[in-house]
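One letter stands for each residue in the lines below.
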Amino acid sequence: MRFTVIGITDSPHPFFPPEVEDIIRHGKVFSGGKRHHEIMAPRLPADAEWIDITVPLDDVFAQYHGHVVVFASGDPLFYGFANTIRRRMPEAQLTLFPAFNSLQMLAHRLLMPYHDMRIVSLTGRPWAEFDRALIERAAKIGILTDHEHTPAAIAQRMLDYGYTGYTMHVGEHLGNPEAEQVTTLTTEEAAGRTFSHPNCLILFTASPSPSRFGIPDDGFALLHGREKMITKMPIRLLTLQALDLPAKRVLWDIGFCTGSVSIEARLLFPHLQIEAFEIRPECEDIIRENARRMGAPGIHVHMGDFLQANTDSLPRPDAVFIGGHGGHLREIMAKAKEALTADGCIVMNSVKAPAVSTDSKRLFAEACASLGLQQLPSMRILLDNHHPIEILKCKK
């Protein structure tokens, strides 16, 4: 198989060098999206065969034969179809003729240097990388959108989590002189607007807000206003250290209560995927409120009994924190162990106090022994003259 992939913009009358004109003139099999067909149809040979690129892609690739000339948006290697060809048909011969991608064109219109721009694609993708860019306080973010992740939806997400210091530049129909439009507005203005497709945007701030190391406890909404129902900030940070989160990919927070551990982890380690579980229904509003207050989007919340939850479709954790067990510690640890990756660990905090009837340290040790988990040395802390807390850890 041989592919020639030609990048085009949204211009209804694209310009091509003679070499590309010759390839089009002598081509037999052509492919691209519906918009690409609209643009190129008048310039294709009379006997041209056109194959629409639609999902499922298996059907598309099954139709390809011989030499296929593919039209793609902008640079075919920039989140483009050339990457799909390389992944699905690594032995195919591939020739590229790129155009400027939409974010490059928007930067050109703004006379904005883009070598330092953080690129995020939300085209058919979840919010994760965009959330990470916000949490990491990227000063300049270029975003590829789709019909769900619109500039208005992006602006609203930023407002929901307190990221208001950005200017938003939106480019619509870039490359089409008859429809191109570039608009600069605040996130508040963008949230109430409708933009035509295709579009892309650049977020910019001259002074990104500083990140925090350790969230003050009084910033959190609490369960029934009870201060003891939150993992205190120094303990929280030591707990995250015990979980070794810089080297981890997926954290399960079982019994999240106010969500303080999940939120602290999200802000300090935004590369993590966090799955948070809680049985008390009133805690759902609390974690969502706290996540908005602290600017921590992207925590996946699961309500109900963890032991009854279907976790088969979730990514396997390499770090598990047990914030509450309701007397079912061994069962929770057994279920967590089954999901845990080979190098994963489980961490729990044990409080030694007269009011605590259950010796959670002993239960943890017994569960480790019966489940074949390797218990690691614990860390004992006395905080503000309160009862000692012991950070317990085990691994597979």
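How each quantity is defined
Residues numbered from 1 in each chain as written. Predicted model: local features only at pLDDT ≥ 70, side-chain atom pairs only at ≥ 80, totals over all residues. Heavy atoms only, no water. Helix = DSSP H or I, 4+ residues; strand = E, 2+ residues; numbered from the N terminus. Contact = heavy atoms within 4.5 Å. Polar contact = N/O pair within 3.5 Å; in protein donor to acceptor, adjacent residues only side chain to side chain. Buried < 20%, exposed > 50% of the residue type's maximum accessible area, 1.4 Å probe, protein only. Phe/Tyr/Trp six-rings, centres within 6.5 Å; stacked < 30°, edge-to-face > 60°. Lys NZ or Arg CZ within 6 Å of the ring centre and 35° of its normal. Pairing = 2+ DSSP bridges. Salt bridge = Lys/Arg side-chain N within 4 Å of Asp/Glu carboxyl O.

Draft legend 1. Highlighting the environment of Asp-52. The topology assignment puts Asp-52 in strand E3 (residues 49–52). For the pair Asp-52 and Glu-264, spaced 212 residues apart in the sequence, the C-alpha separation amounts to 46 Å. Apart from residues lying up to four places away in sequence, Asp-52 is in contact with Gly-32, Gly-33, Lys-34 and Val-60. At 2.9 Å, the side chain of Asp-52 forms a polar contact with the side chain of Trp-50.

Draft legend 2. Broad picture of helix H5 (residues 102–110). Leu-103, Gln-104, Met-105, Leu-106 and Ala-107 are the residues of H5 that are buried. Elements in contact with the buried residues of H5: strand E6 (118–121), strand E7 (140–144), strand E8 (167–172), strand E9 (181–186) and strand E10 (199–204). With a side-chain oxygen lying 3.0 Å from the backbone nitrogen of Leu-103, the N-terminal cap of H5 falls on Asn-101. Leu-111 sits one or two residues past H5 and shows a positive phi near 55°.

Draft legend 3. Geometry of the packing of aromatic side chains. In the structure shown here, the tally under the stated rule is ten aromatic pairs. A centroid spacing of 5.2 Å and a plane angle of 85° characterise the contact between Phe-78 and Tyr-79, whose relative ring orientation is edge-to-face. Of the residues examined, Phe-78 reaches a relative accessible area of 22% and is grouped as partly exposed. With relative accessibility at 41%, the residue Tyr-79 sits in the partly exposed group. Counting every residue linked through ring pairs, the aromatic cluster contains Phe-3, Phe-61, Tyr-64 and Phe-81. A cation over a ring is seen here: Lys-335 above Phe-306, with NZ or CZ 4.9 Å from the ring centre.

Draft legend 4. Examining the pairing of E8 more closely. Here E8 lies mainly inside the structure; five of its six residues are buried. Bridging between E8 and E9 involves six bridges; their strand directions are antiparallel. Bridging across to E9, Glu-172 finds its partner in Gln-181. As paired strands, E8 and E10 are joined by six bridges and run antiparallel to one another. Along E10, the bridge assignment pairs Met-168 with Leu-203.

Draft legend 5. Region of interest: the pattern of salt bridges. Inspection of the entire model under this criterion finds 21 salt bridges. The partner of Asp-217 in a salt bridge is Arg-236, and the shortest N-O contact between them spans 3.1 Å. Here Asp-217 is found in the loop between E10 and helix H9 (233–243), whereas its partner Arg-236 is found in helix H9, with 19 residues between them in sequence. Residues joined by salt bridges that share partners form a network here, namely Asp-10, Arg-35 and Glu-38.

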